[in-house]
Amino acid sequence: MKKIYFLDINNFKKDFSYEEIYNQVSSYRKKKVDKLMFEKDKWLSLGAEYLLIKGLKELDIDYSKMEIDFIENNKPILKNNPKNIYFNLSHSEEMAMCVISDCNVGCDIQKINKKENLLQIAERFFHQKEIEMIGNATMEEEKINMFYRIWVLKESYIKATGKGLQTSLNDFRICFDYEKPKVFVNDKLEEGTILEEVQSENPNYKSAICLINKKEKK
């Protein structure tokens, strides 16, 4: 089971007041939002958790009765979760994202920035074979597209595993088997790990999810 949600902050701000959403979120989120300096970042953080509240409601789970707990590397989970539900949140610039599943899950969304020196970033953080995939693209637009495809897939994998900064982005690699993404660690395929590229309504963003099925993973 997986449910994916996106939210445009500009539209979100038109539909709700800040106080209305702030009063719905967890104490953890309120503390996090209170520390943020810029209004846009506050709205993004609130919007991401709003998507979680909305998704859980569709599963007949009252978020106001749930507590947030944290596991390895400060990954948030639902405490005393009766339905064994997992979630992950992400946001970038003006978009927020949420994924809900019945297995370990991660997600990432990134706005495409064509002005950045993407190959230089890739050479610093990506696996050599991923750098080659970007370099092999003939058109500049294709290079940019490949960079962001790899980036969001890698981030979603890290967030799903819960390893956080313990995992270097060049310790594993993404490859595409007939356009279907897969992840290799030490050149060994990660069994039970499902990567999916997903698209919001905004074409200026790339996003992806990663599902890890513990029963299948060896």
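Above this text you will find the structure in question.
In short, a report on the structure. (Residues numbered from 1 in each chain as written. Predicted model: local features only at pLDDT ≥ 70, side-chain atom pairs only at ≥ 80, totals over all residues. Heavy atoms only, no water.)

1. Quick notes on the side chain of Asn81
With respect to the secondary-structure elements, Asn81 resides in the loop between β3 (76–79) and β4 (86–92). Given a relative accessible area of 19%, Asn81 falls into the buried group. Reaching out from Asn81, the side chain makes a polar contact with the backbone nitrogen of Asn84 at a distance of 3.2 Å. Only 2.5 Å separates the side chain of Asn81 from the backbone oxygen of Ile85, close enough to count as a polar contact. (Helix = DSSP H or I, 4+ residues; strand = E, 2+ residues; numbered from the N terminus. Buried < 20%, exposed > 50% of the residue type's maximum accessible area, 1.4 Å probe, protein only. Polar contact = N/O pair within 3.5 Å; in protein donor to acceptor, adjacent residues only side chain to side chain.)

2. Overview of the packing of aromatic side chains
Here the structure, examined in full by the defined rule, presents 12 aromatic pairs. With a centroid separation of 5.3 Å and an interplanar angle of 50 degrees, the aromatic rings of Phe12 and Phe16 are classed as tilted. Overall, the relative accessible area of 4% leaves Phe12 in the buried class. What links up through ring pairs into an aromatic cluster is the set Phe12, Phe16, Tyr18, Tyr22, Trp43 and Tyr50. Sitting above the plane of the Phe184 ring, Arg173 keeps its charged end 4.6 Å from the centroid. (Phe/Tyr/Trp six-rings, centres within 6.5 Å; stacked < 30°, edge-to-face > 60°. Lys NZ or Arg CZ within 6 Å of the ring centre and 35° of its normal.)

3. Some points on the nonpolar core
Core analysis: the largest hydrophobic core is formed by 28 residues, its most contacted members being Leu52, Leu56, Leu78 and Ile100. Of all elements in the fold, only β1 (2–8), α1 (9–15), α2 (18–22), α4 (39–58), β4 and β5 (95–101) reach the threshold of two or more residues within this core. If one sorts the elements of this core by residue count, α4 sits on top with nine residues. Once you skip the residues sitting within four places of it in the chain, Ile100 turns out to touch Met1, Lys2, Lys3, Tyr5, Leu52, Gly55, Leu56, Leu59, Ile85, Tyr86 and Phe87. (Core = buried A, V, L, I, M, F, W, Y, C linked by side-chain atoms within 4.5 Å. Contact = heavy atoms within 4.5 Å.)

4. So, the sheet that holds strand β11 (residues 205–212)
If you trace the three strands from one edge of the open sheet to the other, you get β6-β11-β10, paired in antiparallel fashion. In this open sheet, the two edge strands, each paired with only one partner strand, are β6 (104–111) and β10 (193–198). Here the average twist between neighbouring strands, direction ignored, is 15 degrees. Examined bridge by bridge, β6 and β11 share eight bridges and lie antiparallel to one another. When the sheet's bridge partners are listed, Asn104 is paired in β11 with Ile212. Packed on one face of the sheet, helix α7 (residues 140–161) meets β6, β10 and β11 and runs near 150 degrees to β6. (Pairing = 2+ DSSP bridges. Axes fitted to C-alpha atoms, helices over the stretch in contact; angles between N-to-C directions.)

5. Quick word on helix α6 (residues 128–136)
Within α6, the full set of buried residues consists of Glu130, Ile131 and Ile134. The arc that holds every buried residue of α6, seen down its axis, measures 100 degrees, which confines them to one face. (Arc of directions from axis to C-beta.)

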